[in-house]
Amino acid sequence: MGLTLAQKIIKNHLVSGNMIAGEEIALRIDQTLTQDATGTMAYLEFEAMGIDRVKTERSVAYIDHNTLQSGFENADDHRYIQSVAKKHGIYFSRPGNGICHQVHLERFGIPGKTLIGSDSHTPTGGGIGMLAFGAGGLDVAVAMGGGAYYITMPRMICVELKGALRPFVTAKDVSLEILRILSVKGGVGSIIEWGGEGIKSLSVPERATITNMGTELGATTSIFPSDEITRDFLRAEGREGDYLPLAADDDAVYDRVIEIDLSALKPLIACPHMPDNVVTVESLKGTRVDQVCIGSCTNSSLLDLLKVAALLKGKTVDPRVSLSISPGSRQVLTMLADCGALSDILASGARVLECACGPCIGMGFSPNSAGVILRTFNRNFEGRSGTRDAKVYLVSPETAVAAALTGEITDPTLLGNAPQVKLPTSFRVDDSAILPPAKPEEAAGVEILRGPNIKEFPKSRPQGDTLSAELILKVGDNITTDHIMPAGAKILPYRSNIPYLSRFCFAVCDETFADRAKAAGEGIVVGGANYGQGSSREHAALVPLYLGVRAVIAKSFARIHAANLINAGIMPLTFADPDDYDRIRQGDRLTLSGVWSGMDSGVISLHDETNGAVIRLTCAYTDRQKDILKAGGLLAYTKAAD
Ligand code: MIC
Ligand code: SF4
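What this report covers is the structure whose coordinates are included nearby. (Residues numbered from 1 in each chain as written. Chains lettered and ligands numbered in written order. Predicted model: local features only at pLDDT ≥ 70, side-chain atom pairs only at ≥ 80, totals over all residues. Heavy atoms only, no water.)

### A word on the site of ligand 1
Stated formally: Think of it this way: one heavy atom of a residue within 4 Å of a molecule or strand is enough to make that residue near it. Here a polar contact is taken to be a pair of N or O atoms separated by no more than 3.5 Å, where protein atoms must pair a possible hydrogen donor with a possible acceptor and residues adjacent in sequence count only if both atoms sit in side chains.
Among the 14 residues in the neighbourhood of ligand 1, the closest are listed as Asp 119, Ser 120, Arg 495, Ser 536 and Arg 537. Side-chain polar atom of Gln 35 to an oxygen atom of ligand 1: 2.9 Å apart, as the coordinates give it. Residue Ser 536 places a main-chain N or O atom 2.7 Å away from an oxygen atom belonging to ligand 1.

### As for the packing of aromatic side chains
Convention followed: Classification of ring pairs rests on two measures: the distance between centres of Phe, Tyr or Trp rings, Trp counted by its six-membered ring, which must be within 6.5 Å, and the angle between planes, read as stacked under 30 degrees, edge-to-face over 60 and tilted in between. Strands here mean DSSP runs of E at least two residues long; helices mean DSSP runs of H or I at least four residues long; both are numbered from the N terminus. Summary of the burial criterion: residues with accessible area below 20% of their type's maximum are buried, those above 50% are exposed, and those between are partly exposed, where the area comes from a 1.4 Å probe applied to protein chains only. Definition used: whenever NZ (Lys) or CZ (Arg) falls within 6 Å of the ring centre and also within 35 degrees of the ring normal, the charge is taken to sit over that ring.
Taken as a whole and judged by the stated rule, the model has nine aromatic pairs. Pairing Trp 194 with Phe 224 gives two aromatic rings, centres 5.9 Å apart and planes at 10°, and the pair type is stacked. Highlighted residues: Trp 194 in strand β10 (residues 190-195) and Phe 224 in the loop between β11 (221-223) and α8 (228-236), separated in sequence by 30 residues. Each member of the pair, Trp 194 as well as Phe 224, is classed as buried. Taken together, the ring pairs in this structure connect Tyr 494, Tyr 500 and Phe 504 into an aromatic cluster. In this structure, Arg 58 is placed above the aromatic ring of Tyr 91, and the distance from its NZ or CZ to the ring centre is 4.3 Å. The ring of Tyr 581 carries Lys 555 above its face, with NZ or CZ at 4.5 Å from the centroid.

### A word on the pattern of salt bridges
Note the following rule: Salt bridge criterion: a side-chain nitrogen from Lys or Arg within 4 Å of a carboxyl oxygen from Asp or Glu.
Inspection of every chain in the model, using the stated rule, returns 31 salt bridges. The salt bridge partner of Glu 398 is Lys 307, with a shortest N-O separation of 3.0 Å. You can see Glu 398 sitting in helix α12 (residues 397-406) and its partner Lys 307 sitting in helix α9 (residues 302-312), a full 91 residues away along the chain. For Lys 307, a relative accessible area of 14% translates into the label buried. Arg 461 is the salt-bridge partner of Glu 522, the closest N and O atoms lying 2.3 Å from each other. Placement of Glu 522 in the loop between α16 (513-520) and β22 (523-526) and of Arg 461 in the loop between α13 (440-443) and β21 (467-474) is noted, with a sequence separation of 61 residues between them. By relative accessible area, Glu 522 is classed as partly exposed at 23%. According to the relative accessible area criterion, Arg 461 is partly exposed, its value standing at 44%. Shared partners join several salt bridges into a network, and the residues in it are Glu 228, Arg 231, Asp 232, Arg 235 and Glu 240.

### Things to note about the state of the cysteines
Going by this rule: Disulfides are defined as cysteine sulfur pairs within 2.5 Å.
Taken as a whole, this structure holds zero disulfides when the rule is applied. Free cysteine: Cys 100, not disulfide-bonded; nearest cysteine sulfur from Cys 357 at 6.2 Å. The structure places no disulfide on Cys 271, whose sulfur is separated from the nearest cysteine sulfur, that of Cys 293, by 17 Å. Given the relative accessible area of 11%, Cys 271 is considered buried.

### Observations concerning the sheet that holds strand β3 (residues 31-34)
This is how it is decided: Strand pairing is assigned whenever DSSP detects at least two bridges linking the two strands. Residue contacts follow a heavy-atom distance rule, with two residues in contact if any of their heavy atoms lie within 4.5 Å. Angles run from 0 to 180 degrees between N-to-C directions of axes, and those axes are lines fitted to C-alpha atoms, restricted for helices to the stretch in contact.
If you trace the six strands from one edge of the open sheet to the other, you get β7-β6-β3-β4-β5-β20, paired in mixed fashion. Edge positions in the open sheet fall to β7 (131-134) and β20 (434-435), since each of these has one partner strand only. Bridge count between strand β6 (residues 114-117) and β7: four bridges; the pairing is parallel. Residue Gly 117 lies in a different strand from β7, and its bridge partner there is Gly 134. Of the strands in this sheet, β3, β4 (58-62) and β6 touch helix α5 (residues 137-144), which is tilted by about 140° from β3.

### Structural notes on the nonpolar core
Basically, it comes down to this: In plain words, nonpolar cores are sets of buried Ala, Val, Leu, Ile, Met, Phe, Trp, Tyr and Cys residues tied together by side-chain atoms within 4.5 Å.
Membership of the largest hydrophobic core comes to 101 residues, with the highest contact counts inside it found for Phe 513, Tyr 531, Met 571, Leu 573 and Leu 592. For this core, the element with the highest residue contribution is α5, accounting for six residues. Residues in contact with Tyr 531, not counting those within four places in the same chain, are Val 475, Ile 479, Ile 484, Phe 506, Val 525, Val 552, Ala 554, Ser 556, Phe 557, Ala 558 and His 561. In this structure, Cys 271, Leu 311, Val 332 and Val 395 belong to the second largest nonpolar core, which totals 56 residues.

### Some points on the pairing of strand β24 (residues 571-575)
Note the cut-off: The handedness of a crossover follows from its direction of travel: if, with the strands pointing away from the viewer, the path from the first strand over the helix to the second runs clockwise, the crossover is right-handed.
With five of its five residues buried, β24 lies for the most part within the structure. Side chains of β24 alternate between two faces, with Met 571, Leu 573 and Phe 575 and Pro 572 and Thr 574 buried alike. The β-α-β motif built from strand β23 (residues 549-554), the intervening helix α18 (residues 559-567) and the parallel element β24 has right-handed crossover chirality. Bridge analysis of β24 against strand β27 (residues 614-618) gives two bridges, and the strand direction is antiparallel. Bridging from a neighbouring strand, Thr 574 pairs with Thr 618 of β27.

Below, the structure written as structure tokens:
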């Protein structure tokens, strides 16, 4: 029986386990990346492991999230990451050099290699045939130290593309279409492989838009074959030597095959507050728009912005609209400047922001109250923009420009002729903002620079055989890590200061949570389906840990968050019968007994002391996960194993 492309790469990197869907496998990791908002914590964890030099083929630390520097905190973090990178064998991409996923694709990604990154959109690398996963910072730290990365062997979904996109219909619309079909839960436990004749008409940046947004499906990762189009891209980056042709076997077997006819697609739009809330742009035409943002790791490539510039050329942004454009990398911005496209953008009245995440993570550019915003980003979760009552819609760059020019949601096909933009055959390569690490013999002399905002991370405690605690918060379905640990300009600078961050934990759902959790000492949180979707931020586990959360019970969990909880020594548990969710209330005292034997049998009994209910909880921990929970988290477990 033939193998899918992902199965082939997994087979080449398998350290332990069987390639049977649902079973735990361990993978050798070739490359890692971090960004600054998760990086400080990841490097503190790496330091705690006491390893001198990374053991990966390539590890890169990017500064792209916290670049506002409204206080000393960000700059201190940058300095810390720069020094730690230099000492331990990690490349350092300076602030302003671009968004980690865009720069990694341009400069470091290699087909057929494995990559994990402390950012959920790391699967962007699948656009050039890498097997790339988003992970918690601690998993990345372990991989830098040469440890394997553990995942559940995913099911394989194939999306077969037919035909070719019509003018003004884009890769972003393909992403929105698959979200419409599968929903934000539809990719959980699966790898999505893109194939079919239709992929031949998609360039690498377009493929990367699609693999990037596979994250919003909850997929373990997404991947495209590596073909002549990949070779062209790598050649243009001066890296043809990294090219390797890769494809699934002809007789590969998939668990599910979905067909999408590219030529039948229309411009689509995701409505507030979920990326799968997708309708046609046409159906919302005439809706007044206050702000338009173009950029983010989904849509900030040279191809995207050349099209944007061509559409804006000679026109002016509607006076009612505020338009921002954040190029994905310095390479993109420089090439826009070189060819004059930047002048067209500036002349239109757009505000050009730094090559960074910026508005995507609420670092500035928050919209007016109750504003209607169109963004080319990948997430439109409530409050993420920094304005609680704003309504954020997700669209393609073309649809974004149409709204910026007309002041209302407008089908871009009405803009006239679609711009004919081709990628250049060679990009402007300038790696001067990527600093190589110190040579091994010089590393000992490199001093690590720590600022006062860097506080210790919370220590986990081993799980005992009985847990008795109050249900301190009960929330509903699709709780994102932005609900659990919000980001944004006011909070993001404190990613290395868990005590400070804890004040904002769950504030979107309940502003009293942090105080109540502290007062309770220990607590249990209950959630609905797909708990912890979204970002890979391990802060969504570390901060609850700091506030005394010992277990989270939900109808189901998102993959990275469940792993982060276990790494932090917090038990993720699911209701055997989802209806039992309704039988317990916030404020009830819950007792879990026989926890250790329950970890083995997969069933733990919960007794609600307040109303007498007895409820069956399930867990499917691997032996390693049980040991991690009993040891008090991954760090304690890793140290004990040394
Ligand atoms: C995001 O898009 O939510 C982030 C900010 O990039 C996160 C990482 C973080 O919270 O630092 C992600 O996607 O993992
Ligand atoms: Fe940055 Fe936004 Fe991409 Fe996250 S989704 S990495 S915040 S651009």
